[in-house]
Amino acid sequence: MKHLGTVTLETERLILRKTLEGDAKPMFENWAKDERVTKYLTWPPYESVEQLESTYHKYLTDSQHSLDFYDWKIVLKEINEPVGSIGVVSLREDTQAASIGYCLGYNWWHKGIMTEAFKEVIRFLFEEVGLNRIDAVHDPRNPHSGDVMKKCGLSYEGTARQAGKNMQGICDEARYAILREDYLKNKAEV
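Scope of this entry: the structure provided in the associated data block. The structure presented is a predicted model; accordingly, all values stated were derived computationally and were not measured.

Moving on, we get to the environment of Lys 119. Along the chain, Lys 119 falls in helix α4 (residues 113-129). C-alpha separation for the pair Lys 119 and Lys 151, spaced 32 residues apart in sequence, amounts to 8.7 Å. If sequence neighbours within four positions are ignored, Lys 119 has contacts with Lys 151 and Cys 152.

Here it is, written out as structure tokens:
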């Protein structure tokens, strides 16, 4: 693997980039305060921009200089502000594998934005970083997250019963994954 860190990526509608100093307010307004967004995530809605700045946002801006740290803000070109985030939540060097986590502001659900972002992250991690496997999990009560995974070429591998915990409590985890060989085969067929 060749770690490159959180480099800027671009798609037709999106810019995926590092967290910037001024991002706390749009992050808070666009998704971090919304219970609908955090319902199946592992963290509760933030109560203020200040709380976000002093915890999560500070962690991101401090961590993102590491070459094995991958966390992007999803900036919608149309409005030029972040509407969600996507990143590697765990990385295994020994198996060249990464688990991806993501969230998107409610106002941008069901518009293909997360699928567009995730596909670009998959391309980058396979083609430029050299990963062998990418996976993601979701609470089965949140089937739309699984739909994103399927649209991005990930295959369902199974559901681990009561293996996770989110804002709903202990939950099942439906796991989807794609291998580099699957990705390259799918790319060749297009």
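Looking now at the sheet that holds strand β3 (residues 71-76). As summarised here, the arrangement of the 8 strands in space is β1-β2-β3-β4-β5-β6-β8-β7, forming an open sheet in which the pairing is mixed. Strands with a single pairing partner mark the edges of an open sheet, and in this sheet they are β1 (9-10) and β7 (155-166). Note: β1 against strand β2 (residues 14-17), 2 bridges, orientation antiparallel. Bridge pairing in β2 places Leu 9 opposite Leu 16. Along the sheet, α4 makes contact with β1, β2, β3, β4 (81-92), β5 (97-104), β6 (133-138) and β8 (169-179), crossing β5 at roughly 160°.

Within the largest apolar cluster, 36 residues are counted, with the highest numbers of intra-cluster contacts made by Ile 74, Ile 86, Ile 100, Phe 118, Leu 125, Ile 134 and Leu 154. Looking at this core, the elements with two or more residues in it are β2, β3, β4, β5, α4, β6, α5 (143-151) and β8. Broken down by element, the residue count for this core peaks at 10 residues, all from α4. Excluding residues that lie within four positions of it along the chain, Phe 118 makes contacts with Ile 86, Ile 100, Tyr 102, Ile 134, Ala 136, Val 148, Met 149, Cys 152 and Leu 154. Ranked by size, the runner-up nonpolar core spans 11 residues in total, among them Met 27, Ala 32, Tyr 46 and Leu 52.

Right, let's talk about the packing of α4 against α5 for a bit. Following both chains from N to C, one finds α4 and α5 inclined at 45°, their axes separated by 9 Å at the closest point. The pairing of α4 with α5 is recorded here as oblique in orientation. Handedness of the crossing formed by α4 with α5: right-handed. Along the contact surface, α4 presents Met 114, Thr 115, Phe 118 and Lys 119, while α5 presents Val 148, Met 149 and Lys 151. Residue composition of the contact of α4 with α5, by class: 4 nonpolar, 1 polar and 2 charged.

Counted according to the given criterion, the structure contains 0 disulfides. There is no disulfide at Cys 152, and the cysteine sulfur nearest it, in Cys 103, is 15 Å away. On the basis of relative accessibility, which here comes to 8%, the residue Cys 152 falls in the buried class. There is no disulfide at Cys 171, and the cysteine sulfur nearest it, in Cys 103, is 16 Å away. When its relative accessible area of 6% is taken as the criterion, Cys 171 is described as buried.

If you check the backbone angles, Gln 96 has positive phi at about 50° while not being a glycine. By the element assignment, Gln 96 lies in the loop between β4 and β5. Since its relative accessible area comes to 28%, Gln 96 is described here as partly exposed. The backbone of His 110 sits at a positive phi, close to 60°, despite the residue not being glycine. The exposure class of His 110 is exposed, given its relative accessible area of 62%.

Scoring rules and cut-offs
- Each chain carries its own residue numbering, running from 1 in the written order of its sequence.
- Only residues with pLDDT of 70 or above have their local features reported here, since the model is predicted, and side-chain atom pairs are shown and tallied only from 80 upward, although totals for entire chains, interfaces and linings are computed over all residues.
- Hydrogens and water molecules were not included; the side-chain quantities draw on all heavy atoms of the structure.
- Put simply, DSSP H or I for four residues or longer makes a helix, DSSP E for two residues or longer makes a strand, and each gets a number counted from the N terminus.
- Whether two residues are in contact is decided by their heavy atoms, any of which lying within 4.5 Å being enough.
- Two strands pair if DSSP finds at least two bridges between them.
- Every axis in this analysis is a line fitted to C-alpha atoms, fitted for helices over the stretch in contact. Angles between the N-to-C directions lie between 0 and 180 degrees.
- In these notes, a set of buried Ala, Val, Leu, Ile, Met, Phe, Trp, Tyr and Cys residues joined through side-chain atoms within 4.5 Å is what counts as a nonpolar core.
- A 1.4 Å probe rolled over the protein chains alone gives each residue an accessible area, and that area as a share of the maximum for its type sets the label: buried under 20%, exposed over 50%, partly exposed in between.
- By the definition adopted for this analysis, an angle is roughly parallel if under 35 degrees, roughly antiparallel if over 145, roughly perpendicular if from 65 to 115, and oblique otherwise.
- Should the near helix be turned counterclockwise from the far one by less than a right angle, the crossing is left-handed, whereas a clockwise turn marks it as right-handed.
- Lys, Arg, Asp and Glu make up the charged group, whereas Ala, Val, Leu, Ile, Met, Phe, Trp, Tyr, Cys and Pro make up the nonpolar group; the residues left over, Gly among them, are polar.
- What counts as a disulfide here is a pair of cysteine sulfur atoms lying within 2.5 Å.

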